[in-house]
Amino acid sequence: MRAIGVSNFYPGRLVDLCMNSQIPPMVDQIELHPFFQQQEALAVMGDYRVTPQAWAPLFEGQRNIFHNKTLEKIAQRHGKTVAQVVLRWHLQRGICAIPRSTRPEHIAENRAIEDFSLTEREMEAIAAMDMGSSEIIDHRCACTARQLNGLKLEL
């Protein structure tokens, strides 16, 4: 069986692909974190049985996420770090998250999220953080498409 994955397919483009491809995508890798939760994208992925995968699940450390008061309170309650809380939030939502780290201690920390669960109230508190748009990159913008298409990758 063949499988494909895509990256940054917004809902409309994902529907087009799923409805017009002999091999529908199994994964759509999208920007996904507490500040950009992409509810519509997740609903469409669910409709077409596409697994969401979060790139930048920790928002690349932006907006001082590791010192966010809401996330710090939740982390303190569980004896965990903010990063662990955010990764657990992704896990409980059925999201495969791929945090980036080169430091062995952070890699180990990122993996240690199976021994606790967030309450419904904590999940709701994190849901309330959604800004509804990206502050990292807007893939819907023509200027972004031009910029990305101007990059030359060496294979």
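Refer to the structure above for everything that follows.
Residues numbered from 1 in each chain as written. Predicted model: local features only at pLDDT ≥ 70, side-chain atom pairs only at ≥ 80, totals over all residues. Heavy atoms only, no water.

**Some thoughts on the sheet that holds strand β1 (residues 4-7)**
- Spatially, four strands are ordered β1-β2-β3-β4 in an open sheet, and the strand pairing comes out parallel. Each edge of the open sheet carries a strand with a single partner, namely β1 and β4 (96-97).
- The pairing of β1 with strand β2 (residues 25-31) spans four bridges and is parallel. In the strand pairing of β2, Ser7 is matched with Gln29. (Pairing = 2+ DSSP bridges. Helix = DSSP H or I, 4+ residues; strand = E, 2+ residues; numbered from the N terminus.)

**Describing the pattern of salt bridges**
- Per the counting criterion, the structure on display carries five salt bridges.
- Glu72 is the salt-bridge partner of Lys69, the closest N and O atoms lying 3.9 Å from each other. Residue Lys69 and its partner Glu72 are located together in helix α3 (residues 69-78), separated by three residues, close to a single helical turn.
- Under the relative-accessibility criterion, Lys69 is labelled exposed at 61%.
- Note that Glu122 and Arg77 form a salt bridge whose closest N and O atoms lie 2.8 Å from each other. Note that Glu122 is positioned in helix α6 (residues 120-127) and Arg77 in helix α3, a separation of 45 residues in sequence.
- Since its relative accessible area comes to 4%, Glu122 is described here as buried. (Salt bridge = Lys/Arg side-chain N within 4 Å of Asp/Glu carboxyl O. Buried < 20%, exposed > 50% of the residue type's maximum accessible area, 1.4 Å probe, protein only.)

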